[in-house]
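Observations on chain architecture
Spelled out, the chains give:
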Amino acid sequence: MGGGVLGCCIQTGKWFPVVFISAVLVWSYYAYVLQLCIFTVDSVALKVVFLAVYHPVLFVFCWAYYKTTMTPSAAPPQSFFLSPRDGSLLEGMAEEEQRRLLEQYVKDLPVLSRSQNGVPRYCEQCKCIKPDRGHHCSVCSQCVLKMDHHCPWVNNCVGFSNYKFFVLFLGYGVLYTLWVATTSGSYFVKFWTNELTGEGRFHILFLFFAAVMFAISLLGLFGYHLFLTVKNRSTLESFRPPMFSDGPDPEAYDLGKLANFEQVFGTAKVKWFLPVFTSLGSGVMFPCRQGSSPLGHNYQSVDTAPSQGSGITFPIQSTANADSNLLGRRESWTQGDHTQSDSA
């Protein structure tokens, strides 16, 4: 009973950062729209301009934040999970036997990455083979496809299913805070020259401070994730390059800046800046650059394999159907079977 109450309290507490951000946004709306634009700005034309720009920016910012927070993290397909029997057998085996059986198992899966000791990556908590670029999140208690990091400010894992939303959330956050800071700056100065009167002047004072503070924080984070996007890396991969049987390769997924960008934002330019899902692929298999190592890997190159979207290639592994046990498992596997779609 006590453990259940404690667990409930912990889960509830995880939403505190989201509630805090939401409360700041509600207050900023009151301070900007009512105290600044309605009660303080004298020019009607200036009021119209301020509000006409502010509301669309606020809308897409909140939309992106909502999608980042509420989009479920993408988990590995069922074919990556071992049966309870196979999981128990694996745990009772010696390391060399585990290596042999895992190698046998991943022959039927589109998995090329390895752990530091060269063994196929296996999650003991989820009892599954980790897909390429997938990692286990201890906070969410699940493996996440193309995991970037767990973000407490959205109470969610940022990964394949919502990374585009997260980058847009940062970008529109920068735009929102810079607009608020720029348009309230002159009235911030008037506060110190005693040209503002009434209690509302304190809202304008703190509005400017908060906008500048958040703009600086978000600008650095947004720039970093734009860099990761055009390099086709996750935050985790920037600290530890993906490992293959031939060793680590930090550039394994680098297809060129535009192709890397399209991996996250898709090929439909009209949807690039909208928080709707347009990322390419399944989150399980990923294209690699032409002629790249991992040497000896059977990734198909950008120029030689079947492609999807702007010449970007997705490796396709086909196998036959058979038993679903550790040594004999066979699944029909194609990239299109696990493509994500936007739920909005």
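Starting from 1, residues in each chain are numbered consecutively following that chain's sequence as written. Note on the predicted model: pLDDT of at least 70 is required for a residue's local features to be given, and 80 or more for side-chain atom pairs to be given and counted; whole-chain, interface and lining totals, by contrast, use all residues. To obtain the side-chain values, all non-hydrogen atoms of the structure were used and water was disregarded.

**Some thoughts on the overall build of the chain**
Along the backbone of the chain there are nine helices and eight strands. Categorising residues by exposure relies on relative accessible area from a 1.4 Å probe, with only protein chains included: less than 20% of the type maximum marks a residue as buried, more than 50% marks it as exposed, and the intermediate range marks it as partly exposed. Per-residue burial over the chain gives 48% buried out of 344 residues. For the chain, the share of sequence-separated contacts (at least 6 apart) that also reach a separation of at least 24 residues comes to 62%. With an accessible surface of roughly 16700 Å², the chain has 64% of that area assigned to carbon and sulfur atoms. The helix count covers DSSP runs of H or I at least four residues long, the strand count covers runs of E at least two residues long, and both are numbered beginning at the N terminus. Should any heavy atoms of two residues lie within 4.5 Å, those residues are considered in contact. Here the open area of atoms and residues is found with the Shrake-Rupley method and a 1.4 Å probe, where only the protein chains shown may cover a residue.

**A few points about the pattern of salt bridges**
Definition used for salt bridges: Asp or Glu carboxyl oxygen within 4 Å of a side-chain nitrogen of Lys or Arg. By the definition in use, this model includes six salt bridges. The salt bridge partner of Glu 103 is Arg 114, with a shortest N-O separation of 3.2 Å. With Glu 103 in helix H5 (residues 95-106) and Arg 114 in the loop between H5 and strand E1 (122-123), this residue pair connects regions lying 11 residues apart in the sequence. Take Glu 103: its relative accessible area is 25%, and that puts it in the partly exposed class.

**Topic: the side chain of Thr 68**
Considering the arrangement of structural elements, one finds Thr 68 in helix H3 (residues 44-70). Discounting residues that sit within four places of it in the chain, Thr 68 has contacts with Val 154, Asn 156, Asn 162, Phe 165, Phe 166 and Phe 169.

**Section: the confidence of the model for the chain**
Mean pLDDT over the chain stands at 84; residues scoring 70 or higher make up 83%. The low-confidence segment residues 290-344 (pLDDT under 50) makes 136 contacts with residues lying over four places distant or belonging to another chain. A score from 0 to 100, pLDDT tells how confident the predictor is in each residue.

**With respect to the packing of helix H7 (residues 200-231) against helix H9 (residues 257-265)**
Remark: H7 packs on H9, axes separated minimally by 6 Å, with the N-to-C direction vectors making an angle of 110 degrees. For the element pair H7 / H9, the angle class is roughly perpendicular. Between H7 and H9, the contacting residues are Thr 229, Val 230 and Lys 231 on the first element and Lys 257, Asn 260, Phe 261, Val 264 and Phe 265 on the second. Under the scheme applied, nonpolar residues are Ala, Val, Leu, Ile, Met, Phe, Trp, Tyr, Cys and Pro; charged residues are Asp, Glu, Lys and Arg; polar residues are all the others, including Gly. Residue composition of the contact of H7 with H9, grouped by class: four nonpolar, two polar and two charged. Axis lines are fitted through C-alpha atoms, for helices just across the contact stretch, and the angle between N-to-C directions can take any value from 0 to 180 degrees. Angle categories: roughly parallel below 35 degrees, roughly antiparallel above 145, roughly perpendicular from 65 to 115, and oblique for all the rest.

**A word on the nonpolar core**
Definition used in this section: a nonpolar core is a set of buried Ala, Val, Leu, Ile, Met, Phe, Trp, Tyr and Cys residues joined via side-chain atoms within 4.5 Å. If you look at the biggest cluster of nonpolar residues, it comprises 47 residues, and the most contacted ones within it are Tyr 32, Phe 169 and Tyr 176. Secondary structure elements with two or more residues in this core: helix H2 (16-38), H3, helix H6 (163-192), H7 and H9. Looking at this core element by element, the count peaks at 14 residues for H6. In this structure, Leu 82, Leu 102, Ile 129 and Val 284 belong to the second largest nonpolar core, which totals 19 residues.

**Regarding a nonpolar patch on the surface**
A cluster of nonpolar side chains, contributed by Trp 15, Val 19, Tyr 66 and Met 70, occupies part of the molecular surface with about 420 Å² of accessible area. Note on placement: Tyr 66 falls in helix H3. For patch detection, residues must exceed 30% relative accessible area and be free of salt bridges, and they are connected within 9 Å for like charges or within 5 Å for nonpolar side chains (Val, Leu, Ile, Met, Phe, Trp, Tyr).

**Thoughts on the packing of aromatic side chains**
When the centres of two rings from Phe, Tyr and Trp lie within 6.5 Å, Trp using its six-membered ring, the rings pair. Their planes under 30 degrees apart give stacked, over 60 give edge-to-face, and anything left gives tilted. A full pass over the atoms with the stated rule returns 20 aromatic pairs. Ring geometry for Phe 188 versus Phe 208: centroids 4.3 Å apart, planes at 20 degrees, classification stacked. Note that Phe 188 is positioned in helix H6 and Phe 208 in helix H7, a separation of 20 residues in sequence. Each member of the pair, Phe 188 together with Phe 208, is buried. A centroid spacing of 4.4 Å and a plane angle of 5 degrees characterise the contact between Phe 261 and Phe 265, whose relative ring orientation is stacked. Placement of the pair is Phe 261 and Phe 265 together in helix H9, with a separation of four residues, close to one helical turn. Both residues of the pair, Phe 261 and Phe 265, belong to the buried class. Charge-over-ring contacts are defined here by two conditions on Lys NZ or Arg CZ: a distance within 6 Å of the ring centre and an angle within 35 degrees of the ring normal. A cation sits over an aromatic face here: Arg 133 above Tyr 253, 4.2 Å from the ring centre.

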